[in-house]
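Here is how the chains run, residue by residue.
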Amino acid sequence: LYICGTPIGNLDDITFRAVKTLGNVDLIAAEDTRRTEKLLNHFKIDNKLTSYHEHNEREKAKKLITELKDGYDIALVSDAGMPGISDPGLILIKEAIQAKIEIIPVPGPTALIPALVVSGIQTDKFSFFGFVPRKGKEREQFIEEIINEQKTTIFYESPYRVKKIFEDLSEKIPERKAALIREITKIYEEKIYGTVSEIQDKISSSEIKGEIVVVIEGRTKEEVDKESWTDI
């Protein structure tokens, strides 16, 4: 089982090894076969595709495990980036481990690391939170965890909800350094830097589109000291 990273925007980011792997396997399991077909056509790869997405993941994983046991080589790809990172893949990988099937990573792009390294925020320790929950207690807990996290935090957010998350964070941690990185590797790639409140001001009257990664500084010593004085 090959876990294949694919471009998150710029098709030139695919590795030679990934192209070779996708051309040589017996089957490609794709999150969206139509999107993957466009990628394969670009690199003149003519190979068999099957769907593997969040709605059929458990059922399809069992079928793929059977084919792997029969000697098939299978490549798993998501719409973009590395399968398993905020994309389907974990269930199949777990079942492959249990079935003692060899799992081979074919490294490729993933949005969180490029965003982190261009954020200008500490990179030695960081936490990745995936996508922001849409509502309810899960969302409240998510925000609370970011507020209290001492390491740099990275998360994904929809362009339709990114203004709201910055509004909420501005009420709690307005002075934290942050970066909003949009459309990484694509034509309209953009980086917005500042404190949480400054970025909130910058995007409040703008239309935000595309794939978004947010990087926020961890809880600072000054914040901890300030809270300690407040508690006295």
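Residues numbered from 1 in each chain as written. Predicted model: local features only at pLDDT ≥ 70, side-chain atom pairs only at ≥ 80, totals over all residues. Heavy atoms only, no water.

## Digging into helix H7 (residues 162–172)
So the rule is basically this: Buried means the residue's accessible area, taken with a 1.4 Å probe over protein chains only, is under 20% of the maximum for its type, while exposed means over 50%, and partly exposed covers the values in between. Secondary structure elements are defined from DSSP: runs of H or I of at least 4 residues count as helices, runs of E of at least 2 residues count as strands, and each element is numbered from the N terminus. Throughout, a residue-residue contact means that at least one pair of heavy atoms, one from each residue, lies within 4.5 Å.
Listed as buried for H7 are Val162, Ile165, Phe166, Asp168, Leu169 and Ser170. Residues of H7 that are buried make contact with helix H6 (136–148), strand E7 (152–157), strand E8 (177–182), helix H8 (196–203) and strand E10 (212–216).

## Focus on the side chain of glutamate 31
Formally: Positive residues here are Lys and Arg, negative ones are Asp and Glu, while His and the chain termini are left out of the count. The salt bridge criterion pairs a side-chain nitrogen of Lys or Arg with a carboxyl oxygen of Asp or Glu, the two atoms within 4 Å. Throughout this description, a polar contact denotes any pair of N or O atoms lying within 3.5 Å of each other; where both atoms belong to protein, one of them has to be capable of donating a hydrogen while the other can accept it, and for residues adjacent in sequence the pair is counted only when both atoms sit in side chains.
Inspection of the secondary structure assignment puts glutamate 31 in the loop between strand E2 (27–30) and helix H2 (33–42). At 7.2 Å, arginine 35 is the nearest oppositely charged side chain to glutamate 31, a buried residue that forms no salt bridge. For glutamate 31, the side chain forms a polar contact with the main-chain nitrogen of aspartate 79, separated by 2.9 Å. The residues contacting glutamate 31, other than those within four sequence positions of it, are Tyr52, His53, Val77, Ser78, Asp79, Asp87 and Pro88.

## Some thoughts on unusual backbone geometry
Not every positive phi belongs to a glycine, and lysine 44 is a case in point at roughly 55°. With respect to the helices, strands and loops of the structure, lysine 44 is situated in the loop between H2 and strand E3 (49–51). On the basis of relative accessibility, which here comes to 77%, the residue lysine 44 falls in the exposed class. Even without a glycine there, the phi angle at serine 86 is positive, about 55°.

## Brief notes about the packing of aromatic side chains
Each aromatic ring pair is summarised here by two numbers: the centre-to-centre distance and the angle between the ring planes. The criterion, for reference: Only Phe, Tyr and Trp rings are paired, with Trp represented by its six-membered ring, and only when their centres lie within 6.5 Å; those with planes under 30 degrees apart are stacked, over 60 edge-to-face, the remainder tilted.
Within this structure, the stated rule accounts for four aromatic pairs. Look at phenylalanine 131 and tyrosine 156: their rings are 5.3 Å apart centre to centre, the planes differ by 65°, and that puts the pair in the edge-to-face class. One end of the pair, phenylalanine 131, is in strand E6 (residues 126–131); the other, tyrosine 156, is in strand E7, and 25 residues separate them in sequence. A relative accessible area of 9% places tyrosine 156 in the buried class.

## Notes on the environment of isoleucine 14
The residue isoleucine 14 is located in the loop between strand E1 (2–4) and helix H1 (16–24) in this model. Residue isoleucine 14 is classed as buried on the basis of its relative accessible area of 11%. It is 43 Å that separates the C-alpha atoms of isoleucine 14 and valine 224, two residues lying 210 residues apart in sequence. Look past the residues within four positions of isoleucine 14 in its chain and what remains in contact with it is Pro7, Val19, Leu22, Leu39 and Phe43.

## Structural notes on the packing of helix H3 (residues 57–69) against helix H4 (residues 90–98)
Convention followed: What counts as an axis is a line fitted to C-alpha atoms, over the stretch in contact for a helix, and the angles between N-to-C directions run from 0 to 180 degrees. Helix crossings fall into two classes, left-handed where the near helix is turned counterclockwise from the far one by less than a right angle and right-handed where it is turned clockwise. Note that Gly is not counted as nonpolar here; it falls among the polar residues with everything else outside the nonpolar set of Ala, Val, Leu, Ile, Met, Phe, Trp, Tyr, Cys and Pro and the charged set of Asp, Glu, Lys and Arg.
Where H3 contacts H4, the axes come no closer than 9 Å and their chain directions differ by 35°. Seen from above, H3 lies across H4 with right-handed handedness. Touching Glu57, Arg58, Ala61, Lys62, Leu64 and Ile65 of H3 are Leu90, Ile91, Leu92, Glu95 and Ala96, all from H4. Counted by class, the contact of H3 with H4 contains seven nonpolar, no polar and four charged residues.

## Some thoughts on the pairing of E6
As a reminder of what qualifies: Strands are labelled as partners when DSSP assigns at least two bridges between them. Call a crossover right-handed when, viewed with both strands pointing away from you, the route from the first strand across the helix to the second goes clockwise.
As paired elements, E6 and E7 share four bridges and run parallel to each other. If you follow phenylalanine 128 over to E7, its bridge partner there is isoleucine 154. You can see the chain leave E6, run along H6 and come back into E7, and the turn it takes is right-handed.

## Quick notes on the sheet that holds E10
Pairing is mixed in the open sheet, where five strands are placed in the order E6-E7-E10-E8-E9. This sheet does not close on itself; its edge strands, each paired only once, are E6 and strand E9 (190–195). Here the average twist between neighbouring strands, direction ignored, is 15°. Relative to E9, E8 runs antiparallel, the two being bridged by six bridges. From the neighbouring strand, leucine 180 faces E9, where its bridge partner is isoleucine 192. Running at roughly 45° to E10, helix H5 (residues 112–119) makes contact with E6, E7, E8, E9 and E10 of the sheet.

## Quick word on the nonpolar core
Heads up, the condition is: Take the buried residues of types Ala, Val, Leu, Ile, Met, Phe, Trp, Tyr and Cys, join any two whose side-chain atoms come within 4.5 Å, and each joined set is a nonpolar core.
With 22 residues, the main nonpolar core has Phe155, Val162, Phe166, Leu169 and Ile216 as its most contacted residues. Listed by contribution, the elements that provide at least two residues to this core are H6, H7, E8, H8 and E10. Sequence-distant contacts of valine 162, defined by excluding residues within four places in its chain, comprise Glu157, Leu180, Ile203, Ile208, Ile212 and Val214. Membership of the second largest hydrophobic core comes to 17 residues, among which are Ile3, Ala61, Met82 and Ile91.

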